[in-house]
There are 2 protein chains.
Amino acid sequence: MLTRIEQARKGDLSDEIRAVAKAEGTVPQELSEKLARGEVVVTRNRRRADLRPLGIGTNLRIKVNANLGTSRDALDIEREIRKARAALEAGADTVMDLSTGGNLADIRRRIMEAAPLPLGTVPVYEAAARAMDRGSSFCEMTEDDLFAVIAEHLGSGVDFITVHCGVTLRTLELMERQGRLLDVVSRGGALLIAWMRYHERENPLYAQFDRLLELAHEADATLSLGDGFRPGATADATDRAQIHELILLGELQARALEQGVQVMIEGPGHVPLDQIQANVLLEKRLCRNAPFYVLGPLATDRAPGYDHITGAIGGALAGWAGADFLCYVTPAEHLGLPDEEDVRAGVIASRIAAAAAELARGRPEALEREREMSRCRKALDWEGMYRFALDPQRARKVRGKAPPGDESVCSMCGEFCAVKIQRERKRPGRQTP
Amino acid sequence: MLTRIEQARKGDLSDEIRAVAKAEGTVPQELSEKLARGEVVVTRNRRRADLRPLGIGTNLRIKVNANLGTSRDALDIEREIRKARAALEAGADTVMDLSTGGNLADIRRRIMEAAPLPLGTVPVYEAAARAMDRGSSFCEMTEDDLFAVIAEHLGSGVDFITVHCGVTLRTLELMERQGRLLDVVSRGGALLIAWMRYHERENPLYAQFDRLLELAHEADATLSLGDGFRPGATADATDRAQIHELILLGELQARALEQGVQVMIEGPGHVPLDQIQANVLLEKRLCRNAPFYVLGPLATDRAPGYDHITGAIGGALAGWAGADFLCYVTPAEHLGLPDEEDVRAGVIASRIAAAAAELARGRPEALEREREMSRCRKALDWEGMYRFALDPQRARKVRGKAPPGDESVCSMCGEFCAVKIQRERKRPGRQTP
């Protein structure tokens, strides 16, 4: 069965492509060409016919992902379902189920039901968790175990999977020779490195990349090539290991495209503001404009409890520079498993970053929405302001907390409202004050 | 009596200059020269001998201001005092009392007591409020009324005052000819424009600028030249009125320096990300590197309820580009008078922006603090992480909300903690897993 890329190469314009082009306000033919070149992915597993397909990539609307999932410390499935609903309500475009504790297939299925959005997973977590559930070290996971989990995930309808294919012995050597303040902070990366060290073998996701491509091809799923060497400290950003891994991901992306498999590239992480633009440029050059999926990036390490804000700062800059897909970071990052409120805060912060980035890129819809909001402000049209707000509920609630004496303004300036003063005194010349 | 600038020109190094230089990790002589050139201000009213003087400007640590104050709708003084304490605790460097309702002199004095930080005010608010308290329109405020309030504020120890001196008939004409989506959103600007239209006269703060300089000279206070024409919509950013006003402020700054009076320049406002760097550059060029004090800037108009985040995005970029002083924006902006929680959220968000900006500028202290935080992360030293966090209390609270099973990690990844995995498996080669 042909994948989307193979169809696009034949010049077929599927209903799916037309639907995505319509949602993005672009031309189907153009979208199809970008998909064939690997500059855009349309993510939907072949098995999820009822899911709305989502386009991610060059010149499309910037998308936002919310990470969900239990940890082995926090097994409450119902909470994860509530978090999935919160992500959907807050406007996430995709969710990832990163669960490592409990009945993972069951959790995955329930998240898919609760949030009908493209779903991503990181199969190595489940492969490692299964080994641990057997009472052994996760290092006892076999290569076949790992590919079996990947096949199961894709078979159960997962739309995109993170695979840390650039975590190789050579990249590891580069990191060790250069030295890092915080080594590896990617969970999947750390698991694979421990496995590689234990077995003294190459990462199977790299060594057997073709096996991965076959599985992805069958499901027409998207490979999200993970950055196991992403910096976990701003001091480690843009180092040899990180950039070498990106070079490898660029090579693998080219191989995937040849086989008709869609690819996104994952990016950092903790990156000072002055390096973000270069990081986006490097990805776009080394990976031939493949969609760039960044985590944050966090513009400082010093704000635990507020990493949705440090992530929004970095994400806005990355999005402006060309990143296509922002993975949210919640206020709980670095401190604990997020709850519903954290999920909501994380999604909104990333959507703010995306809005700021799209405005800076001059996207026509973004410009128009900014104008609409300002027109409502000028008219003191509060219902209109709520309508154009990224989070109408919150805006309404904050205004309600400190109600104004005069309903036309807000309690910040009251009768000294600049907008009101001008409305009343617009006409030049002397007049009754 | 000589002002700081006059002393600096004579080559005198006061204890004050030495204290500020020490706090900033710089050389007194260099600081003094920057002060003489107007690139740095040291803000402390002559009458506040017990206040710690604060340096703001080129290559100093980026400072954060918190706006406080009643409105005529919300007169609760006790709340404003609690907000002042919250600003202090959250790490604000200065506060501004923007009160327009209640006994304004009393509120000002009590805020000074509650938060021993440099205090700024906007005297035109009080002048307008007094006219209204007399039962007339604020347009009935006389020029002498306005200067009397300025004298009173400076006489009562106010360290810096916002004066919208660039709001002139010519700037207004430029705005009206070009047209704007949202006209003027500065409260002070709107009051002055209404007054100018009503009286068909030039703005007294411009026409009688020398009178202002005399008052500032006497108190050795800092003039913060306000941007009455700052854009209130991203669509209005960097327009003719805004830039013409900035040109005027540059001229006035030169006149102030000649008279030995310290000046800061206030900046926008609502500015798309792609225009922020240019805005900072323009200020630095047109105003000879005068300290730049920006409000936000807000990188999108579409996030009412979250303008601390949109302001942190813009503030980080502005700070990186060279802005010296960030005025916080709270989550209540555009919706209502902020409460204590809003103040705290606003101060922290601006401090995050400042931290990200200082890291991007490569400030040695910023680099070192990032490294310290990362060292603590690697060591899983939670107390250390709290110590280097911008808000230790919040970090502790968030981790406590979802306590981990294993105290060495956090509940996000639990036993799959990448840092922990590496610590345990660092040694290469086969080993018991």
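Cut-offs used in this document
- Residues numbered from 1 in each chain as written.
- Chains lettered and ligands numbered in written order.
- Predicted model: local features only at pLDDT ≥ 70, side-chain atom pairs only at ≥ 80, totals over all residues.
- Heavy atoms only, no water.
- Helix = DSSP H or I, 4+ residues; strand = E, 2+ residues; numbered from the N terminus.
- Rg over C-alpha atoms; globule rule 2.2 N^0.38 Å.
- Buried < 20%, exposed > 50% of the residue type's maximum accessible area, 1.4 Å probe, protein only.
- Contact = heavy atoms within 4.5 Å.
- Lys, Arg positive; Asp, Glu negative; His and termini not counted.
- Charge placed at Lys NZ, Arg CZ, Asp CG, Glu CD.
- Axes fitted to C-alpha atoms, helices over the stretch in contact; angles between N-to-C directions.
- Parallel < 35°, antiparallel > 145°, perpendicular 65-115°, else oblique.
- Left-handed = near helix turned anticlockwise from the far one by under 90°.
- Nonpolar A, V, L, I, M, F, W, Y, C, P; charged D, E, K, R; others polar.
- Least-squares fit on C-alpha atoms with pLDDT ≥ 70 in both.
- Disulfide = S-S within 2.5 Å.
- Expected span 1.5 Å × (residues − 1).
- Polar contact = N/O pair within 3.5 Å; in protein donor to acceptor, adjacent residues only side chain to side chain.
- Buried area = accessible area lost by both parts, 1.4 Å probe.
- Salt bridge = Lys/Arg side-chain N within 4 Å of Asp/Glu carboxyl O.
- pLDDT = per-residue confidence, 0-100.
- Phe/Tyr/Trp six-rings, centres within 6.5 Å; stacked < 30°, edge-to-face > 60°.
- Lys NZ or Arg CZ within 6 Å of the ring centre and 35° of its normal.
- Pairing = 2+ DSSP bridges.

Participant: If you had to explain the overall build of chain A to someone new, which residues and values would you point to?
Facilitator: Helix and strand counts for chain A come out as 19 helices and ten strands. On C-alpha atoms alone, chain A measures out to a radius of gyration of 23 Å, which is about the 22 Å that the 2.2 N^0.38 rule sets for 433 residues. Across the 433 residues that make up chain A, the buried fraction comes to 67%. Nonlocal contacts in chain A, meaning residues at least 24 apart in sequence, comprise 73% of its contacts between residues at least 6 apart. Put simply, chain A has 59 plus and 64 minus side-chain charges, and the middle of one group is 7 Å from the middle of the other.

Participant: Account for the packing of helix α4 (residues 77-90) of chain B against helix α5 (residues 104-114) of chain B, with residues named and values stated.
Facilitator: Residue and element names in this part refer to chain B. For the pair α4 and α5, the least separation of the axes is 9 Å and the interaxial angle reads 30°. What the angle tells us is that α4 and α5 run roughly parallel. Crossing angle aside, the handedness with which α4 passes α5 is right-handed. In contact with I77, E78, I81, A84, R85 and L88 of α4, α5 contributes D106, I107, R110, I111 and A114. A breakdown of the residues in the contact of α4 with α5 according to their chemical character gives seven nonpolar, no polar and four charged.

Participant: Please provide a residue-by-residue account of the relation of the copies chain B and chain A, values included.
Facilitator: Once chain B has been moved 0.0 Å along the axis and rotated by 180°, it coincides with chain A to within an RMSD of 0.0 Å. In symmetry terms, the pair is related by a two-fold rotation axis. Closest approach to the rotation axis within chain B is made by the C-alpha atom of I313 of chain B, at a distance of 2.3 Å. Counting the interface residues of chain B, we find that 100% of their copies in chain A are interface residues as well, pointing to one common contact surface.

Participant: Account for the state of the cysteines, with residues named and values stated.
Facilitator: Each disulfide is one covalent bond, formed between the sulfur atoms of two cysteines. Inspection of the entire model under this criterion finds zero disulfides over all chains. C327 of chain B takes part in no disulfide bond, and the closest cysteine sulfur, belonging to C413 of chain A, lies 12 Å away. For C327 of chain B, a relative accessible area of 5% puts it in the buried group.

Participant: Could you give an account of α4 of chain B, naming the residues involved and the relevant values?
Facilitator: Residues and elements named next belong to chain B. Between its first and last C-alpha atoms α4 spans 20 Å; for 14 residues at 1.5 Å apiece the expected length is 20 Å, and the two agree. Those residues of α4 that sit buried are I77, R79, E80, I81, K83, A84, A86, A87 and A90. Those residues of α4 hidden inside the fold are in contact with β3 (63-68), β4 (94-97), α5 and α15 (340-361). Where α4 begins, the side chain of D76 points an oxygen toward the backbone nitrogen of E78, at a separation of 3.0 Å. In the stretch just after α4, G91 is the one whose phi turns positive, near 105°.

Participant: Lay out the interface of chain B and chain A in plain terms, naming residues and giving numbers.
Facilitator: Taken residue by residue, the interface counts 110 residues in chain B and 111 residues in chain A. Summed over both partners, the interface of chain B with chain A buries about 9,800 Å², with 63% contributed by carbon and sulfur atoms. Interface area lost by chain B to chain A is led by R302, M412 and F416 of chain B, which between them contribute 9%. Run the count over chain B and chain A and you get eight salt bridges.

Participant: Which residues make up unusual backbone geometry, and what values do they have?
Facilitator: Of note, the amide linkage connecting P268 of chain B to G269 of chain B takes the cis form, showing an omega dihedral of 10°. Among the structural elements, G269 of chain B can be located in the loop between β8 (262-267) and α13 (273-286). Omega for the peptide link from G296 of chain B to P297 of chain B comes to -10°, which places this bond in the cis form. As for its placement among the helices and strands, P297 of chain B is situated in the loop between β9 (292-295) and α14 (307-321). Of note in the backbone geometry, T238 of chain A takes a positive phi value of approximately 55° without being a glycine. A relative accessible area of 29% places T238 of chain A in the partly exposed class. A positive phi angle is found at R288 of chain A, which is not glycine, with a value near 45°. Counting through the fold element by element, R288 of chain A comes out in the loop between α13 (273-286) and β9 (292-295).

Participant: Lay out the confidence of the model for chain A with the relevant residues and their values.
Facilitator: All names here are of chain A. Mean pLDDT over chain A works out to 95, with 98% of the residues at or above the 70 mark. In this model, residues 427-433 is a region of pLDDT below 50 whose contacts with residues beyond four sequence positions or in other chains number 17 contacts. What the predictor reports for the complex is a pTM of 0.96 with an ipTM of 0.96.

Participant: Explain the side chain of E24 of chain A residue by residue, including any values.
Facilitator: Residues and elements named next belong to chain A. Of note, E24 is situated in helix α2 (residues 15-24). The class for E24 is buried, based on a relative accessible area of 9%. E24 has contacts with G55, L60, R61, K63 and R363, leaving out every residue within four places of it along the chain.

Participant: Got a sec to walk through the packing of aromatic side chains? Specific residues and values, please.
Facilitator: Summed over all chains, the structure comprises eight aromatic pairs over all chains. Both rings, one in F138 of chain A and one in F416 of chain B, keep their centres 6.4 Å apart while their planes meet at 70°; by these two values the pair is edge-to-face. On the criterion of chain membership, the pair formed by F138 of chain A in the loop between α6 (123-133) and α7 (143-155) and F416 of chain B in the loop between α18 (392-401) and α19 (418-424) is interchain, its members lying in two chains. For the pair F138 of chain A and F416 of chain B, one class covers both residues: buried. Ring centres of Y293 of chain A and F325 of chain A lie 4.0 Å apart, and the angle between their planes is 20°; this geometry places the pair in the stacked category. Pair noted here: Y293 of chain A is in strand β9 and F325 of chain A is in strand β10 (residues 325-327), with a separation of 32 residues, a long-range link. Like F325 of chain A, Y293 of chain A is buried. A network of ring pairs unites the aromatic residues F160, Y293 and F325 of chain A as a single cluster. Geometry around W382 of chain A places R399 of chain A over its ring, the cationic atom sitting 3.8 Å from the centre.

Participant: Can you break down the pairing of β8 of chain B residue by residue, with the values?
Facilitator: Residues and elements named next belong to chain B. A large share of β8 lies buried, amounting to six of its six residues. Neither face of β8 is open: one carries Q262, M264 and E266, the other V263, I265 and G267, and all of them are buried. Relative to β8, strand β7 (residues 222-225) runs parallel, the two being bridged by four bridges. Along β8, the bridge assignment pairs L225 with I265. Where β8 and β9 come together, three bridges link them in parallel fashion.

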